[in-house]
Amino acid sequence: MGAMTTAATMTAVPACSPAPSGSPTGSPSSSSSSSSSSFGSSPGLPSSGPVSATGPTTAPSSPGAAGKPSGPRPLYLGTYTSAEGGGTGIGLAVYDPATGAVTGRGTLTGVTDPSYLAVHPDGRTLYAVAEGQDGRVTAIRLADRRILGTRSTGGAGPCHLSVHPTGRWLLSANYTSGSVAVHPIDDSGALGERTDLVTHSGPPPGPGRQGPHAHQIVTSPDGGHVLAVDLGTDTVHTYRLDTRSGRLTEAARAHTRPGAGPRHLTFHPGGRFAYLANEVDNTVAVCAYDPATGRLTIGEPQSTGADEGTNYPAQFLVTGDGRFAYLANRGHNSLARYAVEADGARLRLLGTTPVAGDFPRQIALSPDGGLLFAANQRSGTVSVFHVDRASGALRRAGEPYASPLAVCALPL
């Protein structure tokens with residue numbers, strides 16, 4: 001699908017919004033409508049309806065001289081547009097870094113089912129998946145919220161994407177078709193034609209699974225390898241990315257115990273250890289990582305803090321200083337807090353905090369690490385917590401913010 005730029009007109013209108021139960025990992029809430037102005041059509045734009053945005057176009061203030069955020073900061077919210085109770089596009093909001101208060105700023109439409117979002121390292125371009133049968137990824141210039149183009153992922157149900165640290169490659173994971181894709185990024189932030197598509201054909205699917213389901217693709221902290229987490233085959237694949245051609249070459253595979261259903265991997269900032277959330281068997285594991293070979297060694301399963309009832313761990317976070325880790329528990333509807341010990345080699349469960357929402361699918365820290373955001377899919381809310389830097393304890397920052405079928409919160 002060809003790249004293009006779409007111009008937008010903006011209208012200052014408040015907005016809010018909810019998401020599906022039939023998605024690869026997903027469910028509903030309430031929404032509020034807002035009027036929007038048409039973006040004008042452009043050749044090559046997928047026929048997903050008019051592209052429009054609501055809300056002011058002025059950018060929030062940037063960090064002050066002391067490096068502390070001053071004034072409101074941007075917050076982008078993912079949803080499902082095709083699900084009952086879902087939103088109409090990417091939610092636009094701002095948050096106060098001191099209080100955690102969130103204020104709606106409208107909706108960016110024209111991107112269907114934007115269930116996962118990522119920002120370019122230079123902060124100028126936002127990328128979104130379109131989690132449908134005809135999987136796509138879209139680039140949006142943040143300065144004026146222009147859609148720069150949309151490309152096919154070559155697979156179905158893309159549910160995760162990330163930008164390579166060089167800023168030259170976009171990596172995406174197709175859940176339904178069990179494949180990972182690579183797209184080049186040009187100087188404007190726009191996407192080029194796909195350079196690689198790798199389908200996970202082995203090992204055989206885990207118990208109760210019909211095939212591979214790529215759930216995440218992320219680059220190691222040293223930039224030397226790309227790791228793809230496959231829930232369907234209980235495998236983490238390690239690839240080398242040729243940064244000249246955009247091609248992937250498999251370097252290693254790591255296997256969980258059968259039926260674990262690995263979903264999400266987060267590295268410790270030291271780069272030698274990572275933490276794996278296993279969705280299906282409700283466990284986590286500490287993994288040792290060898291930067292030279294890309295080899296991941298998965299440790300013994302540990303508690304999620306949600307040992308009773310049905311629970312599906314969703315995502316890990318690690319604080320910038322590497323002292324604490326957090327896990328989103330869907331079902332138990334909590335955030336587990338861990339102390340990170342032995343330079344990242346050990347996790348010690350400290351307890352859980354109620355998330356004040358239903359089914360926290362994704363969590364994120366603000367860039368300064370002072371706030372934690374939890375996107376609660378079924379309640380259609382985003383909960384915000386103050387992070388105590390000394391103890392890692394979480395304290396809720398007011399009432400959750402209503403956002404239809406909230407499945408991703410990206411604070412900048």
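Right above here is the structure, for reference.
Not measured: the values here are computed from a predicted model.

The rules behind the values
Residues numbered from 1 in each chain as written. Predicted model: local features only at pLDDT ≥ 70, side-chain atom pairs only at ≥ 80, totals over all residues. Heavy atoms only, no water. 1 Å grid on protein atoms, 1.4 Å probe; cavity = no way out; pocket = protein on both sides within 12 Å on 5 of 7 lines; lining within 4 Å. Points joined across faces, edges and corners; volume = space filled by probe spheres on them. Helix = DSSP H or I, 4+ residues; strand = E, 2+ residues; numbered from the N terminus. Salt bridge = Lys/Arg side-chain N within 4 Å of Asp/Glu carboxyl O. Buried < 20%, exposed > 50% of the residue type's maximum accessible area, 1.4 Å probe, protein only. Pairing = 2+ DSSP bridges. Axes fitted to C-alpha atoms, helices over the stretch in contact; angles between N-to-C directions. Core = buried A, V, L, I, M, F, W, Y, C linked by side-chain atoms within 4.5 Å. Contact = heavy atoms within 4.5 Å.

Let us now look at the layout of surface pockets. Taken as a whole, the largest pocket holds about 1300 Å³ of empty space. If you go around the largest pocket, you meet 46 residues; those closest to its centre are Tyr116, Val218, Thr266, Gln315 and Leu317. Secondary structure elements with two or more residues in the lining of the largest pocket: β7 (117–119), β11 (158–163), β15 (214–219), β19 (262–267), β23 (312–318), β24 (324–330), β27 (360–365) and β32 (408–411).

Our focus in this paragraph is the pattern of salt bridges. Once their charged atoms are close, side chains differing in charge can pair, the charge on each being opposite to the other. Counted according to the given criterion, the structure contains 15 salt bridges. Notably, a salt bridge pairs Asp122 with Arg124, separated by 3.1 Å at the nearest N-O pair. Note on Asp122: relative accessible area 39%, which makes it partly exposed. On the basis of relative accessible area, Arg124 is assigned to the exposed category, the value being 51%. Where Arg253 meets Glu250, a salt bridge forms, and the shortest distance between an N and an O atom there is 2.9 Å. Taken together, the shared-partner salt bridges connect Arg141, Asp144 and Arg146 into one network.

The next subject is the sheet that holds strand β20 (residues 273–278). Here four strands make up an open sheet; going across it, the order is β19-β20-β21-β22 and the pairing antiparallel. What marks the edges here is a single partner per strand, and that holds for β19 and β22 (295–298). Ignoring strand direction, the axes of neighbouring strands in this sheet form an average angle of 30°. Pairing of strand β21 (residues 283–290) with β22 involves four bridges; the strand directions are antiparallel.

Within the largest apolar cluster, 27 residues are counted, with the highest numbers of intra-cluster contacts made by Tyr76, Ile90, Leu117, Leu126, Tyr127, Leu161 and Leu170. Among the elements of the structure, β5 (90–95), β7, β8 (125–130), β9 (136–141), β10 (146–152), β11 and β32 are those that each provide at least two residues to this core. Once residues within four sequence positions are removed from consideration, Leu117 is found in contact with Tyr76, Leu77, Gly78, Ile90, Leu126, Tyr127, Ala128, Leu161, Cys408 and Leu410.

Of all five residues making up strand β16 (residues 226–230), five are buried, and the element is well covered by its neighbours. Residues of β16 alternate between two faces, with Val226, Ala228 and Asp230 on one and Leu227 and Val229 on the opposite face, all of them buried. One ladder, built from five bridges, connects β15 with β16; its direction is antiparallel. By the bridge assignment, Gln216 is partnered in β16 with Val229. A loop of six residues connects β15 with β16, the two strands running antiparallel in sequence, and Gly223 in this loop sits at a positive phi of about 80°. Of the strand pairs in this sheet, β16 and strand β17 (residues 235–241) are connected by five bridges, and their pairing is antiparallel. Note on β17: the bridge partner recorded for Asp230 is Thr235. Between β16 and β17, which pair antiparallel in sequence order, lie four residues; one of them, Asp234, sits at a positive phi of approximately 55°.

Function cannot be read off these values alone, since they describe shape.
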